[in-house]
Amino acid sequence: MVLVLGGAGYIGSHAVKMLLDRGEEVIVVDNLETGHIEAVGAGVKFYNVDIRNYEALKAVFEAHAIDAVMHFSANSLVGESVKLPIKYFDNNVTGANVLLRVMSEFGVKKIIFSSTAAVYGEPNEVPITENCETKPESPYGESKLMMEKMFKWVDLAHGIKYVSLRYFNVAGADSSGTIGEAHVVETHLIPLVLEVPLGKRKAISVFGEDYPTKDGTCIRDYIHVVDLIDAHLLALEYLRAGNESDIFNLGTGEGFSVKEIIDISRKITGHPIPVEIGPRRAGDPSVLVASAEKAKRILGWEPHLSNVERVITDAWRWHKGHPEGYVNS
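Rules used in this analysis
Residues numbered from 1 in each chain as written. Predicted model: local features only at pLDDT ≥ 70, side-chain atom pairs only at ≥ 80, totals over all residues. Heavy atoms only, no water. Helix = DSSP H or I, 4+ residues; strand = E, 2+ residues; numbered from the N terminus. Rg over C-alpha atoms; globule rule 2.2 N^0.38 Å. Buried < 20%, exposed > 50% of the residue type's maximum accessible area, 1.4 Å probe, protein only. Contact = heavy atoms within 4.5 Å. Areas by Shrake-Rupley, 256 points an atom, 1.4 Å probe, with all protein chains shown as cover. Lys, Arg positive; Asp, Glu negative; His and termini not counted. Charge placed at Lys NZ, Arg CZ, Asp CG, Glu CD. Pairing = 2+ DSSP bridges. Axes fitted to C-alpha atoms, helices over the stretch in contact; angles between N-to-C directions. Parallel < 35°, antiparallel > 145°, perpendicular 65-115°, else oblique. Left-handed = near helix turned anticlockwise from the far one by under 90°. Nonpolar A, V, L, I, M, F, W, Y, C, P; charged D, E, K, R; others polar. Salt bridge = Lys/Arg side-chain N within 4 Å of Asp/Glu carboxyl O.

With respect to the overall build of the protein chain
Helix and strand counts for the protein chain come out as 10 helices and 14 strands. Relative to the compact-globule value of 20 Å for 329 residues, the protein chain shows a C-alpha radius of gyration of 19 Å, a close match. Counting only C-alpha atoms and orienting by the principal axes, one finds that the protein chain spans roughly 55 × 45 × 40 Å. Taken over 329 residues, the protein chain has a buried fraction of 56%. Expressed as a percentage of contacts within the protein chain between residues at least 6 apart in sequence, the contacts between residues at least 24 apart total 77%. A total accessible area of about 13,800 Å² is found for the protein chain, and carbon and sulfur atoms account for 50% of it. Charge-centre separation for the protein chain: the mean point of 33 positive side chains lies 1 Å from the mean point of 44 negative side chains.

A look at the sheet that holds strand E2 (residues 26–29)
Spatially, the 7 strands line up as an open sheet ordered E3-E2-E1-E4-E5-E6-E11, and their pairing is parallel. Every other strand in the sheet has two partners, leaving strand E3 (45–47) and strand E11 (246–250) as the edge strands with one partner each. Neighbour-to-neighbour, the strand axes of the sheet open up by a mean angle of 20°, direction not taken into account.

Overview of the packing of helix H4 (residues 85–106) against helix H5 (residues 139–158)
Two elements in contact, H4 and H5, have axes separated by 9 Å at closest approach and are oriented at 15°. In terms of orientation, H4 and H5 fall into the roughly parallel class. Note on packing geometry: the crossing formed by H4 with H5 is right-handed. Contact residues: H4 offers Pro 85, Tyr 88, Phe 89, Asn 92, Val 93, Ala 96, Asn 97, Leu 100 and Ser 104, while H5 offers Pro 139, Tyr 140, Glu 142, Ser 143, Met 146, Met 147, Met 150, Phe 151, Val 154 and His 158. In terms of residue class, the contact of H4 with H5 is made up of 13 nonpolar, 5 polar and 1 charged.

Structural notes on the packing of helix H8 (residues 258–269) against helix H10 (residues 308–321)
For the pair H8 and H10, the least separation of the axes is 10 Å and the interaxial angle reads 55°. Between H8 and H10, the angle is such that the two are oblique. Our pair here, H8 against H10, has a crossing hand that is right-handed. Taking contact as the criterion, the partners of Ile 261, Ile 264, Ser 265, Lys 267, Ile 268 and Thr 269 in H8 are, on H10, Val 308, Glu 309, Ile 312, Thr 313 and Trp 316. Of the residues assigned to the contact of H8 with H10, the class counts are 6 nonpolar, 3 polar and 2 charged.

Some points on unusual backbone geometry
In the segment running from Val 126 into Pro 127, the intervening peptide bond is cis, with an omega of 0°. For Leu 32, which is not glycine, the phi torsion reads 60° and is therefore positive. Its location among the elements puts Leu 32 in the loop between E2 and E3. According to the relative accessible area criterion, Leu 32 is partly exposed, its value standing at 28%. Within the chain, Ile 273 stands out as a residue other than glycine whose phi angle is a positive 45°. Note that Ile 273 resides in the loop between H8 and strand E13 (275–278). Under the relative-accessibility criterion, Ile 273 is labelled buried at 0%.

Some points on the side chain of Asp 314
The residue Asp 314 is located in helix H10 in this model. Here Asp 314 falls in the buried class, since its relative accessible area comes to 2%. Discounting residues that sit within four places of it in the chain, Asp 314 has contacts with Ala 173 and His 224.

Some points on the sheet that holds strand E9 (residues 219–220)
An order of E12-E9-E14 is seen for the 3 strands of this open sheet, with the pairing classed as mixed. At either margin of the open sheet sits one strand with a lone partner, and together these are strand E12 (256–257) and strand E14 (287–288).

Describing the pattern of salt bridges
All chains considered together, the criterion is met by 26 salt bridges. The salt bridge involving Glu 24 is made with Arg 240; its shortest N-O contact spans 2.7 Å. Of this pair, Glu 24 sits in the loop between helix H1 (10–21) and E2 while Arg 240 sits in helix H7 (residues 225–240), and the two are 216 residues apart along the sequence. The salt bridge partner of Glu 309 is Lys 267, with a shortest N-O separation of 3.1 Å. Placement of Glu 309 in helix H10 and of Lys 267 in helix H8 is noted, with a sequence separation of 42 residues between them.

Here it is as structure tokens:
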């Protein structure tokens, strides 16, 4: 049985669906701060629990024979983390501490962790490998790096094996169009761009066009959420096979600029998508592109859906069918 923490969120709900499709038993814990109960699969046992609540989380472990944990339950907005660092260290780091305490008490020895490319900060080299220096530039990135270090030391002390997956830019949606990205405060580029053809904003803001890139806008590596979760399923197999803890980047190795994403979105939606150019945002690196060769070599992972046109097409299907997210769905 797999416990999915944050299973009502964007990425977590895709994990729940794909685990169920594979025949796994799944239970979900989510405090619904940013998640949506409608995103959880029908018939899935759900607990409205905050992972910082030791007694409530312990009760979940007492009620089920949990084999492994997938951990998506973290605050994840870079800008908010700069303004509210205590919130991020409390939820992300304290939550991980409580979780690891409960896992150790119940002898649950496998965890797959949702980490982030934000642990690298402004990279010294591109593409970014797992050996690149980690120097986060936000409390969000710092909190995820602290969590990785906690897993390392708890593994040494208690034998809890972990796989930490450092995501680059996740986008897209399941091809069924039944689950997708729905944030009250949206910060991700592709859903923000798609809000223009949906009539939810008049134009898309581009923050800076004077970066040292081919068209002056930031370049990012976009990975389809289904490919991303496929890596989690492979990581689960990897841990169940008795392998050692490890860290993997998840990306495609191909970068697209902000202007390129807008142009492709225009093509897919048939909307002109006006642009407003603004100043740079503090802390936005020029280029973030992953090397995922390690995940391909060790986990046998291969992204099949992460062509950026497919990513945006699947995202557009979801947003067009659910312009207000899960409201009234």
